[in-house]
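For reference, the chains in residue letters:
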Amino acid sequence: MGGTSGMGGAGGAAGTPGLDDPGSVATAFALPVTTPPPPRLRGIGVSLPATDAPAKTQGTFPYAADLWAEGLLWAAVLRSPHPHARIVSIDTSAAAAMPGVRAVVTHADVPGRGPHGHRTADRPVFASDVVRHHGEPLAAVAADHPDTARLAAAAIAVEYELLEPVTDPEQAFAAEPLHPDGNLVRHIPLSFGDPEVVGEVIVEGLYRIGRQDPAPIGAEAALAVPRPDGGVEIYTASTDPHADRDLVAAHLGLEPERVKVVVTGVPGAMGDREDPGTQLALGLLALRTGHPVKLVATREESFLSHPHRHPTLLRYRHHADAEGRLLKVEAQILMDSGAYADSSSEALAAAVAFACGPYVVPNAFVEGWAVRTNNPPSGHVRGEGALQVCAAYEGQMDKLAAQLGLDPAEVRMRNVMATGDLLPTGQTVTCPAPVAELLRAVRDYPLPPLPVDDPSGTEDHWLLPGGPDGAGEPGAVRRGVGYGVGMVHMLGAEGADEVSTATVKVTGSVATVICAAVETGQGFTTLARQIVQDVLGIDEVHVAPVDTDQPPSGPAGHSRHTWVSGGAVERAARMVRTQLLQPLAHQFGMSTELLTIADGKITSYDGVLSTSVDEALAGKELWATAQCRPHPTEPLDATGQGDAFVGMAFCAVRAVVDVDVELGTVRVVEMAVAQDVGRILNPAQARARIEAAVTQGIGAALTENLRTSAGHVRRPDLTSYALPTSLDTPDIHVVKLVEERDVVAPFGAKAISAVPVVTSPAAVASAVRAATGRPINRLPIRPQTATVN
């Protein structure tokens with residue numbers, strides 16, 4: 001970490017609390033007792049509730065879909081019904097002539113630069129010559145009513161010359177280029193150790209991972225408002241507002257200062273929340289009409305437009321000695337990027353680097369490719385790259401255990417890595433890596449009781465796979481126990497400049513945090529309040545709404561806001577702390593390091609000074625701005641070697657499932673989770689995020705797959721795309737959270753949400769293998785693969 005600006009800083013860190021909320025109320029029935037008031041919830045380590053929770057639960061929280069403006073127009077987007085076609089002509093005359101239509105725009109109306117993309121600029125705002133995936137935008141309409149806009153978009157006449165779609169990523173290597181940049185997005189040939197090593201035991205496997213959608217609760221929506229200076233303001237649920245501002249400005253031919261992005265409430269974000277093409281189209285329509293223009297995407301449009309998890313094909317060969325210790329791993333990883341690159345390069349780097357998992361592997365040879373196809377776009381979804389390889393290498397560990405006659409947990413225990421071990425990229429794992437402790441915790445956790453076979457149905461704790469009204473019979477149910485051990489990287493990778501800026505202002509006894517880190521549900525606004533409370537002893541802390549008038553803080557994802565934005569808030573708060581304490585220290589002839597702030601009071605080491613924070617502030621206005629920048633990383637070289645990651649987090653999961661081996665239905669009975677968290681900053685939030693992440697992982701394991709046929713998305717709706725509900729969610733037990741602080745991270749905290757998502761699908765697949773004896777090499781698990789003849 002490095003880089004600060006402001007007025008200097010000082011102060012100490014709070015201790016590590018337990019998982020339970022502090023405080024209890026004594027009760028007595030015989031004699032009256034004096035009950036002390038419960039302590040105020042504030043600071044790092046307590047379960048401070050989110051300030052926006054009441055508004056969200058009451059339905060009053062402001063999302064972009066709820067916004068309104070005087071003179072509002074409505075937008076609709078025409079999207080391609082074909083996955084691959086040449087555009088012969090586009091005729092907008094019928095749409096433009098419809099009553100109520102104010103503007104129709106196509107690629108010819110985009111004044112700025114060409115392609116865009118979050119990390120690789122290869123996607124046009126509107127297709128001009130060729131459409132490359134089902135749902136690609138071709139034109140947009142602004143009208144005085146949403147129905148008029150949709151009818152006008154449908155009235156745009158497009159003549160296509162259909163082209164054969166490339167939908168198999170294996171065929172993309174030999175196919176005609178789908179894009180001027182070619183079909184290959186990236187190739188990483190990792191080489192580590194001696195290629196001639198051969199194990200006494202060799203197991204092989206072929207694995208396929210499906211296309212999981214982030215499926216945000218609220219579909220994409222945005223509002224664009226023209227400004228008097230010829231610019232535009234965009235109100236949207238952006239997770240990286242400054243990047244979106246720069247993108248919109250470049251494509252509209254405007255200076256960045258004439259574009260402002262205001263972040264509205266984010267109704268769920270598991271990765272890249274928005275398709276930036278929506279904001280570009282709205283900005284163009286707002287400038288063309290001189291009116292505010294709003295778009296609320298349908299669920300179908302949401303499925304067609306935003307990025308999904310990369311479908312991946314993985315071939316593995318594991319070599320081990322007779323004791324089950326790994327000697328060499330060989331792997332081929334092929335990721336389907338869809339029509340455009342997006343974050344495929346980053347996802348592939350994670351997949352290749354973590355291809356062997358959190359295990360010691362002295363020799364590894366992994367070849368990874370990401371290729372363009374005519375399938376839906378792939379991009380950043382929580383745990384990208386790491387989830388796919390975890391399912392594969394854990395399948396290999398199960399095969400190795402079966403061939404050696406070992407317990408699946410034991411074969412893993414013989415190979416787990418620890419701090420100081422090497423990744424196949426040559427990077428030393430310098431952060432805490434308590435993998436053995438995590439695996440031991442879930443292995444030793446008591447198993448749930450077996451169900452009671454009660455045909456009368458009076459025993460309510462017996463539930464057949466498929467639900468209480470399912471067609472299965474108890475006699476066909478087999479129970480399985482399986483394990484998953486996984487890892488993720490934190491922050492960006494391969495030289496990404498991770499930096500965030502924050503300002504803390506104190507007026508009277510109220511503090512305000514100004515930071516462009518977007519609250520996506522990860523709890524950053526709550527954490528920012530806790531940090532300021534902890535450092536300054538102030539109860540009332542507000543976090544300002546996010547817009548691009550503030551300094552940039554970068555994208556959400558990989559727990560980067562906990563690290564870099566939380567670190568920036570802490571530094572700014574400590575600078576303010578120094579400003580607050582310096583006059584008192586000078587008055588009593590001591591340094592600020594001899595003063596402490598706790599429970600709203602300032603005290604000296606010798607007890608001579610004792611005053612409240614409110615009294616010390618006495619109407620003062622203090623402020624400071626600071627930055628946080630982690631230590632740099634480097635790109636992987638031509639052989640896949642390099643220190644590409646700032647830090648890593650680890651997780652172990654034990655899954656217990658019941659499988660109807662005749663019908664192939666699966667019920668997840670219990671998930672036991674042990675996780676390496678560094679330090680618990682908010683116990684309630686930590687547990688909630690782990691439970692939510694495990695549920696998302698169960699969806700990837702059993703139900704979630706955006707299916708396509710020859711490049712066409714089949715039934716893009718929430719009826720066909722089955723998300724896990726509360727009825728599908730098992731008992732989730734967080735059996736251990738290891739608090740071994742990462743010394744290079746602010747607060748010592750690690751990523752919470754991503755690693756349980758990565759690990760849970762592998763654990764469920766492992767448990768189904770144990771129940772059925774089938775290989776289970778595809779996610780989500782299909783019923784026919786879970787049956788036993």
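We now turn to the structure provided with this report. Predicted, not measured: the structure shown is a model, and the values here were computed from it.

1. Here's the deal with the nonpolar core
One broad trend across soluble globular proteins is that nonpolar side chains are buried collectively.
Consideration 1: Formed by 114 residues in total, the largest nonpolar core has its most connected members in Y316, F354, F650 and V764.
Consideration 2: With near-sequence residues (within four places) excluded, V764 lies in contact with A655, V657, V668, M671, I698, A701, L702 and I781.
Consideration 3: Listed in part, the 42 residues of the second largest apolar core include A511, F524, L581 and A585.

2. A short note on empty space enclosed by the protein
Consideration 1: Counted by the stated rule, this structure contains 10 cavities of 30 Å³ or more.
Consideration 2: Size it by volume and the largest cavity reaches roughly 220 Å³.
Consideration 3: Looking at the largest cavity, it is lined by 19 residues, and the ones nearest its centre are T562, L681, Q685, R689 and I752.
Consideration 4: Contributions of two or more residues to the lining of the largest cavity are made by α11 (524-536) and α14 (683-702).
Consideration 5: A class-by-class count of the residues in the lining of the largest cavity yields 9 nonpolar, 7 polar and 3 charged.

3. Remarks on unusual backbone geometry
Consideration 1: For the bond running from L779 to P780, omega is -5°, close enough to zero to count as cis.
Consideration 2: One non-glycine residue with positive phi stands out, namely D342, at about 50°.
Consideration 3: With respect to the secondary-structure elements, D342 resides in the loop between β14 (326-338) and α7 (344-353).
Consideration 4: The phi angle at R715 is positive, at roughly 50°, despite the residue not being glycine.
Consideration 5: Looking at the secondary structure, you find R715 in the loop between β27 (712-713) and β28 (731-738).

4. As for the packing of helix α4 (residues 241-252) against helix α5 (residues 276-289)
Consideration 1: Remark: α4 packs on α5, axes separated minimally by 10 Å, with the N-to-C direction vectors making an angle of 50°. Here α5 runs oblique to α4, going by the angle between their axes. Considering how the two elements wind past one another, α4 and α5 form a crossing that is right-handed. Contact residues: D244, L247, V248, H251 and L252 in α4; P276, Q279, L280, G283, L284 and L287 in α5.
Consideration 2: In the contact of α4 with α5, the residues fall into 7 nonpolar, 3 polar and 1 charged.

5. Looking at the pattern of salt bridges
Consideration 1: Overall, the coordinates contain 32 salt bridges when judged by the stated rule.
Consideration 2: Residue R79 is joined to E301 by a salt bridge in which the shortest nitrogen-to-oxygen separation is 3.8 Å. Here the residue R79 occupies a position in strand β1 (residues 73-79), and E301 occupies one in helix α6 (residues 299-305), the gap between them amounting to 222 residues.
Consideration 3: The class of R79 is buried, set by a relative accessible area of 15%.
Consideration 4: Overlapping salt bridges bring together E394, D398, R412 and R769 as one network.

6. A few points about the sheet that holds strand β7 (residues 184-192)
Consideration 1: Spatially, 6 strands are ordered β7-β15-β14-β13-β8-β29 in an open sheet, and the strand pairing comes out mixed. Each of the sheet's edge strands pairs with one partner strand only, and the pair in question is β7 and β29 (778-779).
Consideration 2: Looking at chain direction, β14 and strand β15 (residues 364-372) are connected through 9 bridges and run parallel. Directly across from D336, in β15, lies its bridge partner V371.

7. Observations concerning the sheet that holds strand β24 (residues 645-660)
Consideration 1: Across the sheet, which stays open at both edges, the 4 strands sit in the order β16-β24-β25-β28 with mixed pairing between neighbours. The open sheet terminates on both sides in strands that have one partner only, identified here as β16 (477-493) and β28. Adjacent strand axes in the sheet meet at a mean angle of 20°, parallel and antiparallel pairs treated alike.
Consideration 2: Both strand β25 (residues 665-676) and β28 contribute to a ladder of 7 bridges, which runs parallel. Counterpart to M671 in the pairing with β28 is I732.
Consideration 3: The sheet strands contacting α14 are β25 and β28, and the helix crosses β25 at an angle near 140°.

8. A short note on the side chain of S604
Consideration 1: Tracing the backbone through its elements, the reader meets S604 in strand β21 (residues 601-604).
Consideration 2: A polar atom in the side chain of S604 sits 2.6 Å from the side chain of D606.
Consideration 3: Polar side-chain contacts of S604 include one of 3.0 Å to the backbone nitrogen of L609.
Consideration 4: Once residues within four sequence positions are removed from consideration, S604 is found in contact with M590, L594, L595 and L609.

9. Notes on the packing of aromatic side chains
Consideration 1: One pass over the full model with this rule turns up 6 aromatic pairs.
Consideration 2: Seen from their ring centres, F173 and W369 are 5.9 Å apart, and the 80° between their planes marks the pair as edge-to-face. Here F173, found in the loop between β6 (157-162) and β7, pairs with W369, found in strand β15; they are 196 residues apart in sequence, far enough to count as distant.
Consideration 3: Cation over ring: K56 sits above F61, and NZ or CZ is 5.0 Å from the ring centre.

10. Details of the environment of G117
Consideration 1: Looking at the element boundaries, G117 is found in the loop between β3 (101-105) and β4 (130-131).
Consideration 2: For G117, a relative accessible area of 26% gives the class partly exposed.
Consideration 3: For the pair G117 and V329, spaced 212 residues apart in sequence, the C-alpha separation works out to 34 Å.

11. Some remarks on the state of the cysteines
Consideration 1: In the structure shown here, the tally under the stated rule is 0 disulfides.
Consideration 2: Residue C356 stays outside any disulfide, its sulfur separated by 12 Å from that of C390, the closest cysteine.
Consideration 3: The cysteine C390 is free of any disulfide, with C651 supplying the nearest cysteine sulfur at 9.0 Å.

12. Here we look at the pairing of strand β11 (residues 259-263)
Consideration 1: Judged by how many residues are buried, β11 sits mostly within the fold: 5 of 5 residues are covered.
Consideration 2: Looking at chain direction, strand β10 (residues 232-236) and β11 are connected through 5 bridges and run parallel. Considered in β11, the bridge of V232 is made with V259.
Consideration 3: Crossover β10 to β11 through α4 is right-handed.

13. Re the pairing of β10
Consideration 1: The element β10 is extensively covered by neighbouring structure, given that 4 of its 5 residues are classed as buried.
Consideration 2: Note: strand β9 (residues 221-226) against β10, 5 bridges, orientation antiparallel. Looking across to β10, one finds that A224 is bridged to I234.
Consideration 3: Linking β9 back to β10 in an antiparallel pair, the connection comprises 5 residues, with G230 at a positive phi of about 90°.

14. What to know about the packing of α14 against helix α15 (residues 754-772)
Consideration 1: Taken N-terminus to C-terminus, the directions of α14 and α15 make an angle of 45°; their axes are 7 Å apart at the nearest point. It follows from the interaxial angle that α14 and α15 lie oblique. Between α14 and α15 the crossing geometry is right-handed. In contact with I690, A693, V694, Q696, G697, I698, A700, A701 and L702 of α14, α15 contributes P756, V757, S760, P761 and V764.
Consideration 2: Residue composition of the contact of α14 with α15, grouped by class: 11 nonpolar, 3 polar and no charged.

15. Quick word on the environment of R478
Consideration 1: When you line up the elements, R478 lands in strand β16.
Consideration 2: We classify R478 as partly exposed; its relative accessible area is 38%.
Consideration 3: C-alpha of R478 to C-alpha of A250: the two residues are 228 residues apart in sequence and 59 Å apart in space.
Consideration 4: Leave out the neighbours within four places in its chain, and R478 touches V657, D658, V659, V661 and A771.
Consideration 5: A distance of 3.0 Å separates the side chain of R478 from the backbone oxygen of G475, its partner in a polar contact.

Thresholds, definitions, all that
- Starting from 1, residues in each chain are numbered consecutively following that chain's sequence as written.
- Local features are withheld for residues below a pLDDT of 70 in this predicted model, meaning they are given only at 70 or higher, and side-chain atom pairs are given and counted only at 80 or more; totals for whole chains, interfaces and linings count all residues.
- Neither water nor hydrogens contribute to the side-chain values; these are computed over all heavy atoms in the structure.
- For our purposes a nonpolar core is just a set of buried Ala, Val, Leu, Ile, Met, Phe, Trp, Tyr and Cys residues, chained together by side-chain atoms within 4.5 Å.
- Exposure is judged per residue with a 1.4 Å probe applied to protein chains only, and the accessible area is read against the type maximum: over 50% gives exposed, under 20% gives buried, and values in between give partly exposed.
- The criterion used for residue contact is that any of the two residues' heavy atoms lie within 4.5 Å.
- Computed over the protein atoms alone on a 1 Å grid, cavities are sets of points where a 1.4 Å probe fits but cannot get out and pockets are open sets with protein on both sides within 12 Å along at least five of seven lines; a residue lines them when it has an atom within 4 Å of a point.
- Grid points are joined across faces, edges and corners, and a volume is the space filled by probe spheres set on the points.
- Numbered from the N terminus, helices here are DSSP runs of H or I no shorter than four residues, and strands are runs of E no shorter than two.
- Nonpolar residues are Ala, Val, Leu, Ile, Met, Phe, Trp, Tyr, Cys and Pro. Charged residues are Asp, Glu, Lys and Arg, and all others, Gly as well, are polar.
- Between N-to-C directions, angles cover 0 to 180 degrees, with each direction set by a line fitted to C-alpha atoms, over the stretch in contact for helices.
- In this scheme, roughly parallel covers angles under 35 degrees and roughly antiparallel covers those over 145, while 65 to 115 is roughly perpendicular and the rest are oblique.
- For a crossing to be left-handed, the near helix must be turned anticlockwise from the far one by less than a right angle; the clockwise case is right-handed.
- Put simply, a salt bridge is a Lys or Arg side-chain nitrogen that is within 4 Å of an Asp or Glu carboxyl oxygen.
- Pairs of strands are assigned from DSSP output, requiring at least two bridges between the strands.
- Two N or O atoms form a polar contact when they lie within 3.5 Å of each other; inside protein one atom must be a possible hydrogen donor and the other a possible acceptor, and for residues adjacent in sequence the pair counts only when both atoms belong to side chains.
- Stacked, tilted and edge-to-face pairs are distinguished by plane angle, under 30 degrees for stacked and over 60 for edge-to-face with tilted covering the rest, among Phe, Tyr and Trp rings (Trp via its six-membered ring) whose centres lie within 6.5 Å.
- Either the NZ atom of lysine or the CZ atom of arginine qualifies as a charge over a ring when it sits within 6 Å of the ring centre and within 35 degrees of the ring normal.
- When the sulfur atoms of two cysteines come within 2.5 Å, that pair is taken as a disulfide.
- A crossover counts as right-handed when, viewed with the strands pointing away from the observer, the path leading from the first strand over the helix to the second turns clockwise.

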